[in-house]
Amino acid sequence: MSAAPEQIVYEMAAPRVARIRLNRPERRNAQSTRLLYELNAAFDRAAQDNDVHVIILAANGPHFSSGHDLDEIAAGAAHENIQAERTVGTWCGFGCAGAEAQMAYEKEAYLGLSERWRNIPKPTIAQVHGKVITGGLMLVWPCDLIIASRDATFQDTAVDLGVCGVEFFNHPYELGIRKAKEFLFRSNVLTAEAAHAAGMINHVVEGDELEAFTLSIAQEIARKPLFALKLAKEAVNAAQDAAGRGTVLQSAFGHHQLTHAHNLLVHGMLMDPTNLAKPKG
Ligand code: ZN
């Protein structure tokens, strides 16, 4: 990866507050391999800077993220592109035959990076507007707080496409059991208000107030001692992990890979194409 990011903007929004922006608006911030690793590098930069206490993740353009870059995947380029990146996990097998390459890619670039960001030992805030579709959830959910504008919507289209949910299977922890099941079964659009009612979102604000409101919360947190913030985050994460979250995510990831392998056998592609052409609200 080159030193200069092309699909990410990194800035200091205020003293002690770093703001990372997804900057691929012409593609609705579709997650190319390049974007994911530029984002990872930006998170690392903020994490390693002792003058940064809080990290905001925002997005340029009309929508937060349309999900994985399906053009890159369809062209088979993702598996080549990841081999040019500085990968961060221990899983290997990129470019191998059969199900191995797909599992390797997704374990590293999808589940691996999202879980890595979830464990950044500093408070992170997702500043969300517009649509967050399927893979887009894997950028929002790893953050500690989620602040959304009233127009924000959330959707996981995976089941429509013959897959059992996005690779970072945090649905039960974001929405609770019943709402998580409905969200998966129906692939329906969840409004910001509905996501807030389910406990997935901390605050819903008007669109023209989103950036200022998010920054004010970030600055409030950033004034606190960083070590205490780090340990408070670790303690809450440990509560989830002690209840088996890691095992749940690994189990769901195995199911996810099985659906990809099944679709390859039946349809010759990673997803069931039956519903691919249907417009998504
Ligand atoms: Zn997948």
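Structure's up top.
Structural notes, computed from the coordinates. (Residues numbered from 1 in each chain as written. Predicted model: local features only at pLDDT ≥ 70, side-chain atom pairs only at ≥ 80, totals over all residues. Heavy atoms only, no water.)

## As for the nonpolar core
Inference 1: Residues Val128 and Phe154 are the most contacted members of the largest nonpolar core, which totals 55 residues.
Inference 2: Leaving out residues up to four positions away in the same chain, Val128 has contacts with Phe64, Val140, Ile146, Ile147, Ala148, Ser149, Ala152, Phe154 and Leu210.
Inference 3: If you look at the next biggest cluster of nonpolar residues, it comprises 15 residues, including Ala14, Val17, Val54 and Ala58. (Core = buried A, V, L, I, M, F, W, Y, C linked by side-chain atoms within 4.5 Å. Buried < 20%, exposed > 50% of the residue type's maximum accessible area, 1.4 Å probe, protein only. Contact = heavy atoms within 4.5 Å.)

## Notes on the pattern of salt bridges
Inference 1: In the structure shown here, the tally under the stated rule is 18 salt bridges.
Inference 2: With its nearest N and O atoms 3.5 Å apart, the salt bridge here joins Glu211 to Arg19. Pair noted here: Glu211 is in helix 9 (residues 210–222) and Arg19 is in strand 2 (residues 17–22), with a separation of 192 residues, a long-range link.
Inference 3: We classify Glu211 as partly exposed; its relative accessible area is 32%.
Inference 4: A salt bridge links Glu38 to Arg34; its shortest N-O distance comes to 2.9 Å. (Salt bridge = Lys/Arg side-chain N within 4 Å of Asp/Glu carboxyl O. Helix = DSSP H or I, 4+ residues; strand = E, 2+ residues; numbered from the N terminus.)

## Looking at the layout of surface pockets
Inference 1: Approximately 660 Å³ is the volume attributed to the largest pocket.
Inference 2: Residue lining of the largest pocket: 33 residues in total, with Ser66, His68, Leu70, Ile133 and Thr157 positioned closest to the centre.
Inference 3: Every element with two or more residues in the lining of the largest pocket is listed here: helix 2 (70–74), helix 4 (99–118), strand 5 (131–133) and helix 11 (245–267).
Inference 4: For the second largest pocket, the lining is made up of 25 residues, of which Cys143, Asp144, Leu145, Val236 and Asn237 are closest to its centre.
Inference 5: Elements supplying a minimum of two residues to the lining of the second largest pocket: strand 4 (124–128), strand 6 (145–149), helix 6 (171–175) and helix 10 (226–242).
Inference 6: A per-element tally of the lining of the second largest pocket places helix 10 first, with six residues.
Inference 7: The class makeup of the residues in the lining of the second largest pocket is 14 nonpolar, six polar and five charged. (1 Å grid on protein atoms, 1.4 Å probe; cavity = no way out; pocket = protein on both sides within 12 Å on 5 of 7 lines; lining within 4 Å. Points joined across faces, edges and corners; volume = space filled by probe spheres on them. Nonpolar A, V, L, I, M, F, W, Y, C, P; charged D, E, K, R; others polar.)

## Quick look at the coordination of the zinc ion
Inference 1: Only Glu106 (OE), Glu106 (OE), Glu167 (OE), His256 (NE2) and His260 (NE2) from the protein coordinate the zinc ion, and they sit 2.0 to 2.3 Å from it.
Inference 2: Summarised as a motif, the one-chain spacing of the donors to the zinc ion is E-x60-E-x88-H-x3-H. Here His256 lies in helix 11 and Glu106 lies in helix 4, a separation of 150 residues in the sequence.
Inference 3: Assessed through its relative accessible area of 2%, Glu106 is described here as buried.
Inference 4: Classification of His256 by relative accessible area gives buried; the value is 3%. (Donors = N, O, S within 2.8 Å, 3.2 Å for Na, K, Ca; no water.)

## Some points on the environment of Gly67
Inference 1: Positionally, Gly67 belongs in the loop between strand 3 (54–59) and helix 2.
Inference 2: The class for Gly67 is buried, based on a relative accessible area of 0%.
Inference 3: Expressed as a C-alpha distance, the spacing of Gly67 and Cys164, which sit 97 residues apart in the sequence, is 16 Å.
Inference 4: Each residue touching Gly67, except ones within four places of it in the same chain, is listed here: Asn29, Ala30, Gln31, Ile133, Gly135 and Gly136.

## Here we look at the packing of helix 1 (residues 33–48) against helix 4
Helix-helix packing is described using two parameters, namely the angle between the two axes and the distance between the axes.
Inference 1: The geometry of helix 1 relative to helix 4 is characterised by a closest axis approach of 11 Å and an angle of 30 degrees between their N-to-C directions. For the element pair helix 1 / helix 4, the angle class is roughly parallel. The handedness of the crossing between helix 1 and helix 4 comes out as left-handed. Within the contact between the two elements, helix 1 uses Thr33, Leu36, Tyr37, Leu39, Asn40, Phe43 and Asp44 and helix 4 uses Tyr105, Glu108, Ala109, Tyr110, Leu113, Arg116 and Trp117.
Inference 2: Residue classes in the contact of helix 1 with helix 4 are distributed as nine nonpolar, two polar and three charged. (Axes fitted to C-alpha atoms, helices over the stretch in contact; angles between N-to-C directions. Parallel < 35°, antiparallel > 145°, perpendicular 65-115°, else oblique. Left-handed = near helix turned anticlockwise from the far one by under 90°.)

## Digging into the pairing of strand 6
Inference 1: In terms of burial, strand 6 is largely enclosed, as four of its five residues are buried.
Inference 2: Pairing of strand 4 with strand 6, which is carried by four bridges, proceeds in the parallel orientation. By the bridge assignment for strand 6, Gln127 is matched with Ile147.
Inference 3: Examined bridge by bridge, strand 6 and strand 9 (residues 203–205) share three bridges and lie parallel to one another. Each residue of the ladder has a partner; that of Ala148, found in strand 9, is Val204. (Pairing = 2+ DSSP bridges.)

The quantities given are spatial measurements derived from coordinates; they are silent on function.
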